Amino acid sequence: MMREAKAAAKTTGLSRRTLLLGGAGAAALLVPGVPYALWRSRNFQRPDFNPAPLAPGEWANWSGAQRITPKSIAVAQTEADIVRIVKSSPAPIRAVGSGHSFTPLVPTPGTILDIGPVSGLIAHDTAARTATLHAGTILQVAAGQLDAVGLALPNLSDIDVQTLAGLFATGTHGTGRTLAPLHDAIIGFRLIPASGEPIDVTEASDPALFAAGKVSMGTLGVMSQFTLRLVDRFALHRKLTIMPMDDLYDRIEPMSHQHRNFEILYLSGTGKAAAITHDLWQGPISGRPPSTDEDTLKGMRDLRDQFGWFPWLRRRMSEGLISSGVHEDTTDRSWKLLSTSRNTRFNEMEYHIPEANGLAALREVIATMDRRPDAFFPIEMRLTHEDDAWLSPFQGGTRMSIAIHAPAEESFQMFFDVFQPIFRRYGGRPHWGKLHTLTTADLRPLYPRFDDFRDVRRRMDPAGKFLNPFTARLFEG
Ligand SMILES: Cc1cc2nc3c(=O)[nH]c(=O)nc-3n(C[C@H](O)[C@H](O)[C@H](O)COP(=O)(O)OP(=O)(O)OC[C@H]3O[C@@H](n4cnc5c(N)ncnc54)[C@H](O)[C@@H]3O)c2cc1C
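This report concerns the structure included in the present document. (Residues numbered from 1 in each chain as written. Predicted model: local features only at pLDDT ≥ 70, side-chain atom pairs only at ≥ 80, totals over all residues.)

Considering the sheet that holds strand S4 (residues 93-96)
Next up, step 1: Pairing within the open sheet is parallel, and its 3 strands lie in the order S3-S5-S4. Either end of the sheet is taken by a strand with one partner, and the two such strands are strand S3 (72-75) and S4. Neighbour-to-neighbour, the strand axes of this sheet turn through a mean angle of 25 degrees, independent of strand direction.
Next up, step 2: Here S3 runs beside strand S5 (residues 111-114); their pairing, made up of 4 bridges, is parallel. Counted as the bridge partner of Ile-73 is Ile-112 from S5. (Pairing = 2+ DSSP bridges. Helix = DSSP H or I, 4+ residues; strand = E, 2+ residues; numbered from the N terminus. Axes fitted to C-alpha atoms, helices over the stretch in contact; angles between N-to-C directions.)

Written out as structure tokens, the structure reads:
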């Protein structure tokens, strides 16, 4: 789609400085002193938060909520190393990518197997739009190497620091109602199962293993490479528009049809949301300016810290601080726009809701979050097209993904007590890499091919070499 190049993005995040300067004075005039003082002195840190640096031999995930000291942390430099480690290291063996999953998929009392160095583009065919990459390749590296040979993944996730193996294993997705999750690009993979003998798998060679393996959380064995079906490299036009959430509800359906990629970040407690769109672009490239997301997040935290106990005041204050309108308008290569850096660490729950229930679920989640004085992190809404991997959360129809967050150092108990029941009531399936408490009995009714997956898992790993306590709860609970 040809459009005129616009000026570089405006950098108008919520101004934290203005808030800090103006907030205390306004509060003194508008709210009773004792509740305000009590709220301001509240300590939000959860008692079990552990900021201590890792001890030798200890492992932690990105958010720090999952920590363990396994018997061994083994690093594979080559595929031959993976084979050797799978054959000889103490079980349970759990492969690790970038450790960006929130669920305890990786922690094991046995061996954590890091395949990070097994990375890079192995082969490509630009005319056929296919490429083979090592499984430990970081998404951003993969996107850059593919771009250099004229190719691209059709979509990316919010961040691009995960490994291909890790993100495929958990059904990682981006947004766009015509765009399937990232693992849908897989047309072949090499798996090192419990026997240690590598198998090259395609739909033709073993249809069941192929359909089970695309999203398999490391429970079938260790992936060493993937062959992907890609698209020609492309550029995008990105726009971020702030508007009242009440105006946006009715526009979700049309905007999701109108734009290639469409997502919403609702700014909790403020009544406002960022609508982010990406569309194909063939004009000049403006390049992406530095993101203001971190500044906006800090501003939202300050709003919560000062006025969380007074929801009407929090909303009022935010009205003056977050101006409606276009805040970003920029063009660049697809892989430079679709993903963002997330510096503030957090914990997250995300459920994928059948599209027919999505809007009602979103309304309920936002209304519930707005009633919580302690919440401030944005709520994310995305849409993903269906695919056919047996354990893909998008198997069987388009889904609306709704994600909630809490800072790494604060309690996320509300995810389980308050929000998971809402997500489940609307027929949601949990993101495999994000926090949830579901077990085999809960998951079986959500996935028509769940038992077929279990059969394949038992075929590839009869003795449970790759099952840690968490994956045992998912598949053998
Ligand atoms: C800040 C942030 C933003 C995120 N944004 C998104 C988003 O936009 N969309 C989305 O869907 N998700 C998102 N996620 C979730 C993330 O994409 C997934 O949790 C993903 O699995 C992380 O990849 P990883 O390389 O860190 O894998 P890890 O977390 O290290 O591992 C994930 C799983 O993959 C398995 N695994 C790793 N390597 C191998 C291998 N070689 N063979 C077999 N199994 C393997 C592990 O055993 C584990 O089960 C986000 C997470 C964070 C922290």
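On we go from here.
What about the sheet that holds strand S7 (residues 130-134)?
Next up, step 1: The sheet built from 5 strands is open, its strands ordered S6-S7-S11-S9-S10 with antiparallel pairing. Strand pairing shows two members of the sheet lacking a second neighbour, strand S6 (121-125) and strand S10 (199-201), which therefore form its edges. Neighbour to neighbour, the strand axes of the sheet diverge by 15 degrees on average, direction disregarded.
Next up, step 2: Where S6 lies against S7, 4 bridges are found, and the strand directions are antiparallel. Across the sheet, His-124 pairs through a bridge with Ala-131, a residue of S7.
Next up, step 3: Contacts between helix H3 (residues 79-88) and the sheet are confined to strand S9 (186-192) and strand S11 (222-229), with S11 contributing the most and set at about 140 degrees to the helix. (Contact = placed C-beta atoms within 7 Å.)

Side note on the site of the ligand
Next up, step 1: The ligand sits among 32 residues. The nearest are Gly-97, Asp-158, Gly-166, Gly-218 and Gly-433.
Next up, step 2: Going through the elements one at a time, S4, helix H5 (164-169) and S11 are the ones with two or more residues in the shell around the ligand.
Next up, step 3: A total of 4 residues in the shell around the ligand trace back to one element, the largest contributor, which is H5.
Next up, step 4: A breakdown of the residues in the shell around the ligand according to their chemical character gives 14 nonpolar, 15 polar and 3 charged.
Next up, step 5: Inspection of the shell around the ligand shows a minimum of three residues originating in each of domain 2 (59-114) and domain 3 (127-232). (Near = placed C-beta within 6 Å. Nonpolar A, V, L, I, M, F, W, Y, C, P; charged D, E, K, R; others polar. Domains from an automatic or database assignment.)

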